[in-house]
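This is what each chain is made of:
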Number of protein chains: 2
Amino acid sequence: MTRPAVASARFAGVELGGTKCVCILGTGPDDVRDQQVLPTRDPSTTLEAIAQLLECWNASPEPFKAIGVASFGPLDLHRESPTYGRIGNTPKELWAGVDLAGFFSRRFAVPLGFSTDVIGAALAEGRWGAAHGLTDYAYITVGTGIGVGIVVAGKPLLGCHHPELGHVRVARAAGDDWPGSCRFHGDCLEGLASGAAIEARSGVSAAHLPDDDPIWHTVAHTLGQLVHILALSVGPQRLLIGGGVLNARPHLFPLIRRCFAASLNGYLDIPEVSCELDPYIGPPGLGTRAGPLGALALAMETGD
Amino acid sequence: MTRPAVASARFAGVELGGTKCVCILGTGPDDVRDQQVLPTRDPSTTLEAIAQLLECWNASPEPFKAIGVASFGPLDLHRESPTYGRIGNTPKELWAGVDLAGFFSRRFAVPLGFSTDVIGAALAEGRWGAAHGLTDYAYITVGTGIGVGIVVAGKPLLGCHHPELGHVRVARAAGDDWPGSCRFHGDCLEGLASGAAIEARSGVSAAHLPDDDPIWHTVAHTLGQLVHILALSVGPQRLLIGGGVLNARPHLFPLIRRCFAASLNGYLDIPEVSCELDPYIGPPGLGTRAGPLGALALAMETGD
């Protein structure tokens, strides 16, 4: 059997993370032609290494059709802005102000899809994962930090700034007055439920805590509050929660569902929020691949 | 000078409220041909009285081109739903399940615009008021309850349910542990900062409290939390806060801005959230007219 002609339209994705960059070549989860992980160093070293890998892929008989860059934020995503494509005020040393979109656009004469890592992952889940066929949904990542990508009526929600719901303040669990670990807000969502917060509070990496550690109740309560906020604001049909902390803890899903249901207390009378809340609140369909596939999805969106 | 021909395209609006219905005929705030207030009684009496007024308007040489209905909620706003156009599970006696859109569509052979009162008011503010020219903004009403209408990329945000942000739980002000007045959630936004909550807490109607009553700090803190949530989720370019409680208390705006700024703590580095936060957080441009003009805006949207 010969390979269908359509398979020659390949795409390149770059997931730019705080410690590593995943570069991916292909057309989707079942057609990854190459994937390479590079360490995130200073901006020029890192971007040059990525560009050389992409040039190598591009030199093949099947050059890629578009590039997708899914990056840690904050990012300026407004095309009409004079600082479009740049990283904003990040605490990550040397990276604030770096012109990511400009770098890739100057170096490669193909369309560029550019967004945050979580918006990319949300689009990948819509294209190939647990949000397939949905028009309104959210992808939440709980790792070192907490990020939220939101899709509304089939498009990423941007407003005048991409969502930063990791830094929303939430109602605390009764009797819990730990001050939180966020350097801006103390006990915001990220300051209570991120991997960094769990480690700051317990003194142990989230990965090494037993499933029955009481800290997971704080995490579930806090994420239940995030779901409560999302359900009553953007009204997603489904909420996917992934990232390093959640991917390893499937036991948290029933807890989060229970905390959300208790918090909402029967207020929304819609089928999506049924008694079981499964699959309303669930894991991403692509698991840990949602990030790099998100970069690929951003590349493919440029041609849609 | 003869009246321009375009003025003959008149529209009818119905703002359906808990205690009264405002019916309006015209094309905008500077061209209101008639406005009538009817009491809200049981559904059939109320809707029949409205329909008779509209028929009377329609019998003139200039029949209206479309009807807009802006109603209290919850409402089913999804056209493909079998219960589209109906009021949901409202505590307002006899009104749950009432088919508002069906009633007006059967009675009048013109296009019908149908949405919540706050979404209507938001669209009116975008068309004629303080959100004119903006694509992303929120209209918040603080009256007996709290409602939020959100416009994203020029369109009302719906998701699988219209926003119900009055019932989101918020971080409490330090030292404040009043349990709140919401029958679902206790100390949610509405349970802390609505007119009903103010009266439940103080024993006095909000209208009769002095401007320096300490309760206004709770209200400002709570609304500052709502702004914090909106700023980090839908990213509005501006937030307008109106309704019976706020319209009478302009002194709350500097307090709300201060509470929001303290809560956000410099996190968002965008021009909209500048140091002054004026006009980022401000009153509606149409004041108390945003509600009925919202119904008119919904009628006019049907032809856009």
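The following paragraphs examine the structure supplied in this document.

Comments concerning the overall build of chain A
Helix and strand counts for chain A stand at 9 helices and 10 strands. For 304 residues, the compact-globule estimate of 2.2 N^0.38 gives 19 Å, and the C-alpha radius of gyration of chain A, at 19 Å, lies within 12% of that figure. Reported as C-alpha extents along the three principal axes, the dimensions of chain A are approximately 60 × 45 × 40 Å. As presented, chain A carries roughly 12200 Å² of accessible surface, and 53% of it is formed by carbon and sulfur atoms. Charge centroids of chain A, computed over 22 positive and 30 negative side chains, lie 5 Å from each other.

Some words on the packing of aromatic side chains
Summed over all chains, the structure comprises 12 aromatic pairs over all chains. Aromatic side chains Phe103(B) and Phe104(B) sit 5.1 Å apart centroid to centroid with 90 degrees between the ring planes, which places their arrangement in the edge-to-face category. For the residue pair Phe103(B) and Phe104(B), the accessibility class agrees, reading buried in each case. One residue, Arg127(A), lies across the ring of Trp128(A), its end atom 5.9 Å from the ring centre.

A word on the pairing of strand E6 (residues 137-142) of chain B
All names here are of chain B. Counting buried residues in E6 gives 5 out of 6 residues, a clear majority hidden from the surface. Sheet analysis places E6 next to strand E7 (residues 146-152), joined by 6 bridges and oriented antiparallel. Across the sheet, Tyr-137 pairs through a bridge with Val-151, a residue of E7. Between E6 and the antiparallel strand that follows it, E7, lie 3 residues. With 5 bridges joining them, E6 and strand E9 (residues 238-242) adopt parallel strand pairing. Within E9, the position partnered with Tyr-137 by the bridge is Arg-238.

Thoughts on the side chain of Glu190(B)
Residue and element names in this part refer to chain B. Along the chain, Glu-190 turns up in helix H4 (residues 189-193). No salt bridge is formed by the buried Glu-190, whose closest oppositely charged neighbour, Arg-183, lies at an N-O distance of 8.0 Å. From its side chain, Glu-190 meets the backbone nitrogen of Ile-146 in a polar contact 3.0 Å long. Here Glu-190 is in contact with Gly-145, Ile-146, Gly-166, His-167, Ser-181 and Ala-197, once residues within four sequence places are set aside.

Remarks on the interface of chain B and chain A
Taken residue by residue, the interface counts 37 residues in chain B and 37 residues in chain A. Where chain B packs against chain A, one counts 0 salt bridges. At the junction of chain B and chain A, the tally comes to 18 residue pairs in polar contact (both at pLDDT 80 or more). Take the side of chain B that touches chain A: its biggest share by element is 5 residues, from helix H6 (residues 215-233) of chain B. For the side of chain B that touches chain A, the per-class residue count stands at 19 nonpolar, 13 polar and 5 charged.

Focus on the relation of the copies chain B and chain A
Turning chain B through 180 degrees and shifting it by 0.0 Å along the axis lays it on chain A, with an RMSD of 0.0 Å. Considering both components of the superposition, the chain copies are consistent with a two-fold axis. Relative to the rotation axis, the C-alpha of Ala171(B) is the closest in chain B, positioned 2.3 Å from it. A shared interface surface links the copies, since 100% of the contact residues of chain B are contact residues in chain A too.

Quick word on the side chain of Arg10(A)
Residues and elements named next belong to chain A. Take Arg-10: it is sitting in the segment before strand E1 (11-16). Although Arg-10 lies buried, it forms no salt bridge, and the closest oppositely charged side chain, Glu-62, sits 4.3 Å away as judged by the N-O distance. Within the structure, the side chain of Arg-10 is placed 2.7 Å from the side chain of Ser-60, a separation counted as a polar contact. Among the polar contacts listed, one links the side chain of Arg-10 to the backbone oxygen of Glu-62, at a separation of 2.4 Å.

A short note on the packing of helix H1 (residues 43-58) of chain A against helix H2 (residues 100-107) of chain A
All names here are of chain A. Relative orientation of the contacting elements H1 and H2 amounts to 35 degrees, with a least axis distance of 11 Å. By crossing handedness, the relation of H1 to H2 is classed as right-handed. When H1 is examined against H2, the residues Leu-47, Glu-48, Ile-50, Ala-51, Gln-52, Leu-54 and Glu-55 are found in contact with a partner set consisting of Leu-100, Phe-103, Phe-104 and Arg-107. Residue composition of the contact of H1 with H2, grouped by class: 7 nonpolar, 1 polar and 3 charged.

As for the pattern of salt bridges
By the definition in use, this model includes 25 salt bridges over all chains. A salt bridge links Arg127(A) to Glu301(A), with the shortest nitrogen-to-oxygen separation between them at 3.5 Å. Of this pair, Arg127(A) sits in helix H3 (residues 117-128) while Glu301(A) is found in helix H9 (residues 290-301), placing the two residues 174 residues apart along the sequence. The residue Arg107(B) makes a salt bridge to Glu48(B) at a minimum N-O spacing of 2.8 Å.

Quick notes on the pairing of strand E3 (residues 31-39) of chain B
For a regular strand, side-chain orientation follows a simple rule: the groups alternate between the two sheet faces. Residues and elements named next belong to chain B. Of the pairings in the sheet, the one linking strand E2 (residues 20-28) to E3 comprises 8 bridges and is antiparallel in character. Paired with Cys-21 across the strands is Leu-38, a residue of E3. Two successive antiparallel strands, E2 and E3, enclose a turn made up of 2 residues.

A closer look at the sheet that holds E6(B)
Residue and element names in this part refer to chain B. Spatially, E8-E7-E6-E9-E10 is the arrangement adopted by the 5 strands of the open sheet, whose pairing is mixed. The open sheet is flanked by strand E8 (155-156) and strand E10 (281-282), the only strands paired with a single partner. In the sheet, E7 pairs with E8 via 2 bridges, with the strands oriented antiparallel. Counted as the bridge partner of Val-152 is Lys-155 from E8.

Quick notes on the sheet that holds strand E8 (residues 155-156) of chain A
If you walk across this open sheet you meet the 5 strands as E8-E7-E6-E9-E10 (chain A), and the pairing is mixed. What marks the edges here is a single partner per strand, and that holds for E8 and strand E10 (281-282) of chain A.

Quick look at the state of the cysteines
According to the stated counting rule, one finds 0 disulfides over all chains in the structure shown. Left unpaired, Cys182(A) is separated from the closest cysteine sulfur, that of Cys188(A), by 3.7 Å.

About the criteria used
Residues numbered from 1 in each chain as written. Chains lettered and ligands numbered in written order. Predicted model: local features only at pLDDT ≥ 70, side-chain atom pairs only at ≥ 80, totals over all residues. Heavy atoms only, no water. Helix = DSSP H or I, 4+ residues; strand = E, 2+ residues; numbered from the N terminus. Rg over C-alpha atoms; globule rule 2.2 N^0.38 Å. Areas by Shrake-Rupley, 256 points an atom, 1.4 Å probe, with all protein chains shown as cover. Lys, Arg positive; Asp, Glu negative; His and termini not counted. Charge placed at Lys NZ, Arg CZ, Asp CG, Glu CD. Phe/Tyr/Trp six-rings, centres within 6.5 Å; stacked < 30°, edge-to-face > 60°. Buried < 20%, exposed > 50% of the residue type's maximum accessible area, 1.4 Å probe, protein only. Lys NZ or Arg CZ within 6 Å of the ring centre and 35° of its normal. Pairing = 2+ DSSP bridges. Salt bridge = Lys/Arg side-chain N within 4 Å of Asp/Glu carboxyl O. Polar contact = N/O pair within 3.5 Å; in protein donor to acceptor, adjacent residues only side chain to side chain. Contact = heavy atoms within 4.5 Å. Nonpolar A, V, L, I, M, F, W, Y, C, P; charged D, E, K, R; others polar. Least-squares fit on C-alpha atoms with pLDDT ≥ 70 in both. Axes fitted to C-alpha atoms, helices over the stretch in contact; angles between N-to-C directions. Left-handed = near helix turned anticlockwise from the far one by under 90°. Disulfide = S-S within 2.5 Å.

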